[in-house]
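# Geometric and topological summary
What follows is each chain in one-letter form.
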Amino acid sequence: MELSFTGRVIEWRGPAPYYFVPVPDEESGDIREVAALATYGWGVIPVRARIGQVAFETSLFPKDGGYLLPLKKAVRGPQSITTGDEVSVGMTVLL
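Everything in this summary refers to the structure shown in the same document. (Residues numbered from 1 in each chain as written. Predicted model: local features only at pLDDT ≥ 70, side-chain atom pairs only at ≥ 80, totals over all residues. Heavy atoms only, no water.)

## Some details on the sheet that holds strand β7 (residues 86-93)
On the basis of which strands lie adjacent, the open sheet formed by 7 strands has the order β1-β7-β4-β5-β6-β3-β2 and antiparallel pairing. Edge positions in the sheet fall to β1 (2-8) and β2 (10-13), since each has one partner strand and no second. The mean angle between the axes of side-by-side strands here comes to 40°, regardless of whether they run parallel or antiparallel. Sheet topology note: the β1/β7 ladder contains 7 bridges and is antiparallel. Note on β7: the bridge partner recorded for F5 is V89. On top of the sheet, helix α1 (residues 25-38) reaches β1, β3 (17-23), β4 (45-51), β5 (54-63), β6 (66-70) and β7; it is set at about 90° to β6, its chief contact. (Pairing = 2+ DSSP bridges. Helix = DSSP H or I, 4+ residues; strand = E, 2+ residues; numbered from the N terminus. Axes fitted to C-alpha atoms, helices over the stretch in contact; angles between N-to-C directions. Contact = heavy atoms within 4.5 Å.)

Encoded structure:
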């Protein structure tokens, strides 16, 4: 399943800051339809994503009926992505 969306980067401040792009409601609904086939436990969904020229693999975190796409420093750094930035995401759910 391939998806494209735009989202605003958010920061979760815990013991260490984490950065995410919330997956929009429509795309989250599409992901929920295949979640049972894709998850490897705890509701996380493996994906391959691209933001700009940076491609990466990660797992979506379930949150309040939707999903969060985590952004590691290796993804944010080369493109100077920070909290509040709007980014375009291309993403493939790995089944």
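Moving on from the model shown.
## Structural notes on the nonpolar core
The biggest cluster of nonpolar side chains holds 26 residues, and the ones touching the most others in it are I31, I45, L60, L69, L71, V89 and M91. Sorting the residues of this core by element identifies β1, β3, α1, β4, β5, β6 and β7 as the ones contributing at least two each. In this structure, L69 is in contact with Y19, F20, V21, V47, A49, F56, T58, L60, V89 and M91, ignoring residues within four places of it in sequence. (Core = buried A, V, L, I, M, F, W, Y, C linked by side-chain atoms within 4.5 Å. Buried < 20%, exposed > 50% of the residue type's maximum accessible area, 1.4 Å probe, protein only.)

## What to know about the pattern of salt bridges
This structure, assessed with the given rule, holds 4 salt bridges. Between R48 and E57 there is a salt bridge, with its nearest N and O atoms 3.2 Å apart. (Salt bridge = Lys/Arg side-chain N within 4 Å of Asp/Glu carboxyl O.)

Purely geometric stuff here, so don't read any function into it on its own.
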